[in-house]
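So the chains spell out like this:
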Amino acid sequence: MPSSSAGKRALITGITGQDGSYLAEQLLDKGYEVFGLVRRLSSPNTRNIVQLLDRVTLLDGDLLDPASLDQAVRVSAPDEIYNLAAQSFVGASFSQPVLTGEVTALGALRLFEAVRTRADRARVYQASSSEMFGRVVRSPQNESTEFHPRSPYGVAKVYAYWAAVNYRESYGLYISNGILYNHESPRRGHEFVTRKVSDGVARIHLGLATTIRLGTLTTRRDWGYAPEYTDLMWRTLQAPAADDFLGATGEDHSVEDFVRLAFHAVGIEDYRAHVELDPRFARPAEVDHLCGDPSKAREKLGWTPHVKFPELVEIMVRHDVEELRARPVPAHPGGVVRMPPREPPATGGR
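Keep in mind it's a predicted model, so treat the numbers as computed, not measured.

Cut-offs and rules
Residues numbered from 1 in each chain as written. Predicted model: local features only at pLDDT ≥ 70, side-chain atom pairs only at ≥ 80, totals over all residues. Heavy atoms only, no water. Patch = residues over 30% accessible without salt bridge, like charges linked within 9 Å, V, L, I, M, F, W, Y side chains within 5 Å. Areas by Shrake-Rupley, 256 points an atom, 1.4 Å probe, with all protein chains shown as cover. Salt bridge = Lys/Arg side-chain N within 4 Å of Asp/Glu carboxyl O. Helix = DSSP H or I, 4+ residues; strand = E, 2+ residues; numbered from the N terminus. Buried < 20%, exposed > 50% of the residue type's maximum accessible area, 1.4 Å probe, protein only. Core = buried A, V, L, I, M, F, W, Y, C linked by side-chain atoms within 4.5 Å. Contact = heavy atoms within 4.5 Å. Expected span 1.5 Å × (residues − 1). Right-handed = clockwise from strand over helix to strand, strands pointing away. Pairing = 2+ DSSP bridges. Axes fitted to C-alpha atoms, helices over the stretch in contact; angles between N-to-C directions. Parallel < 35°, antiparallel > 145°, perpendicular 65-115°, else oblique. Left-handed = near helix turned anticlockwise from the far one by under 90°. Nonpolar A, V, L, I, M, F, W, Y, C, P; charged D, E, K, R; others polar.

**Here's the deal with a nonpolar patch on the surface**
Moving on, step 1. Where nonpolar side chains cluster on the molecular surface, the patch consists of Val-50, Leu-53 and Leu-58 and spans about 230 Å² of accessible area.
Moving on, step 2. Among the secondary structure elements, Leu-53 is positioned in the loop between strand S2 (33–38) and strand S3 (57–60).
Moving on, step 3. The exposure class assigned to Leu-53 is partly exposed, which follows from its relative accessible area of 37%.

**So, the nonpolar core**
Moving on, step 1. Membership of the largest hydrophobic core comes to 30 residues, with the highest contact counts inside it found for Val-201, Leu-214, Val-259, Phe-263 and Val-317.
Moving on, step 2. Looking at this core, the elements that each hand over two or more residues are helix H6 (193–205), strand S8 (212–214), helix H8 (255–265) and helix H10 (309–326).
Moving on, step 3. Among residues more than four places away in sequence, those in contact with Leu-214 are Val-193, Lys-196, Val-197, Val-255, Val-259, Val-275, Glu-276, Leu-277, Asp-278 and Phe-281.
Moving on, step 4. By size, the runner-up hydrophobic cluster in this structure holds 29 residues, among which are Val-38, Ile-49, Leu-52 and Ala-297.

**Concerning the pattern of salt bridges**
Moving on, step 1. Taken as a whole and judged by the stated rule, the model has 28 salt bridges.
Moving on, step 2. Between Glu-25 and Arg-187 there is a salt bridge, with its nearest N and O atoms 3.0 Å apart. Note that Glu-25 is positioned in helix H1 (residues 18–29) and Arg-187 in the loop between strand S7 (183–184) and H6, a separation of 162 residues in sequence.
Moving on, step 3. When the shortest N-O distance is used, the salt bridge between Arg-195 and Asp-320 registers 2.9 Å. Taken together, the residues Arg-195 in helix H6 and Asp-320 in helix H10 connect sequence positions 125 residues apart.
Moving on, step 4. Take Arg-195: its relative accessible area is 3%, and that puts it in the buried class.
Moving on, step 5. The buried category is assigned to Asp-320, whose relative accessible area is 0%.
Moving on, step 6. Linked by salt bridges that have partners in common, Arg-47, Arg-195, Asp-320, Glu-323 and Arg-327 make up one network.

**Notes on H1**
Moving on, step 1. With 12 residues, H1 should cover 16 Å at 1.5 Å per step; its first-to-last C-alpha distance of 17 Å lies within 8% of that length.
Moving on, step 2. Burial of H1 is extensive: 10 of the 12 residues sit out of reach of the surface.
Moving on, step 3. For H1, every residue scored as buried is listed here: Gln-18, Asp-19, Gly-20, Ser-21, Tyr-22, Leu-23, Ala-24, Glu-25, Leu-27 and Leu-28.
Moving on, step 4. Taken together, the buried residues of H1 touch strand S1 (9–13), S2, strand S4 (80–83), S7 and helix H7 (226–238).

**Re the pairing of S2**
Moving on, step 1. With respect to burial, S2 is a largely interior element, five of its six residues being buried.
Moving on, step 2. Once you follow S1 into H1 and on to S2, the crossover reads as right-handed.
Moving on, step 3. Of the strand pairs in this sheet, S2 and S3 are connected by four bridges, and their pairing is parallel. From the neighbouring strand, Phe-35 faces S3, where its bridge partner is Thr-57.

**Brief notes about the packing of helix H2 (residues 66–76) against helix H4 (residues 97–118)**
Two quantities define a packed helix pair, namely the angle between the axes and the distance from one axis to the other.
Moving on, step 1. Contact geometry for H2 and H4: axes closest at 9 Å, N-to-C directions at 45°. By the criterion of interaxial angle, the relationship of H2 to H4 is oblique. The handedness of the crossing between H2 and H4 comes out as right-handed. Residues Pro-66, Leu-69, Asp-70, Val-73 and Arg-74 of H2 form the contact with H4, whose participating residues are Gly-107, Arg-110, Leu-111, Ala-114, Thr-117 and Arg-118.
Moving on, step 2. Residue composition of the contact of H2 with H4, grouped by class: five nonpolar, two polar and four charged.

**Considering H8**
Moving on, step 1. The buried fraction of H8 amounts to eight of the 11 residues, a majority that puts the element mostly inside the structure.
Moving on, step 2. Residues of H8 that are buried: Val-255, Asp-257, Phe-258, Val-259, Leu-261, Ala-262, Phe-263 and Ala-265.
Moving on, step 3. Gly-267 occupies a position one or two residues after H8 and carries a positive phi of about 85°.

**Brief notes about unusual backbone geometry**
Moving on, step 1. For the bond running from Ser-139 to Pro-140, omega is 0°, close enough to zero to count as cis.
Moving on, step 2. With respect to the helices and strands, Pro-140 occurs in the loop between strand S5 (123–129) and helix H5 (152–171).
Moving on, step 3. Positive phi outside glycine occurs at Ala-77, with the angle close to 45°.
Moving on, step 4. By secondary structure assignment, the location of Ala-77 is in the loop between H2 and S4.
Moving on, step 5. Using a relative accessible area of 42% as the deciding quantity, one classes Ala-77 as partly exposed.

Right, dumping it as structure tokens:
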């Protein structure tokens, strides 16, 4: 892939999220000038990018506000735009379906309009999702597999996907969709099941809790390591022409597999003694099985994920153990893992 990126300017929406923070680090290392769109909050959520605050330019903005998007695009004058902001928690999309549609679907459309009027030569990456496939008819899925979303989040992502294609075909804009499967890291939000498990196991290991409550153990996902997937985002925008690429490992594992390996990482083999199933965490419509075929990205972009599933689980658990050792958090009086409150979902990064 091209390596001469010095002097380029990039705008990242959702820069404070897991993906946005890793992508910002990678672009800075390539010589980019990086701008990040952030919502104005009473307590800024910059934990993931605190080490970058003196190297990036943060711009106030919101996917709900077209004027702020127009301003951000004008000020940053970007060569590349990465739209990673969304209401990206699938569970929350059932309780906040309208907000999810406004941010995740129409928010992307508002950004595309700002690009069309202010930066029509910029290359745009639209963060799509494997949740668009939903009730799959064949496995593994690829870029040609039909969509059948099973959540308001999945529906919103399908809208944004087709909006990207429409703006590409109607206006000649360079907009590429990245259909990424689950990708995790120690920067993953605590509301996501993988981080809930890794943090919960760390607490149990350190005597801060005794139980993790989950909605299901049977769903299967294709899980990869987030920094490798943000590399794919960059590679996607280096392609000669806009196109859509799927990012996945080609392997699927169950939630129970993740739980078992997480407990194994701290020397606990009888994991079932520490797991309770709670129907409150079940979704109205579940996606049972997702597994992707990354052949196109491998052949056209030279992208191959290297971190295997067991290594990913261990990376997350070891991080959470060390984090809790450094900053002990009291256990819930009932012995159940007490997760920190979620960040406001309106435009959180992926």
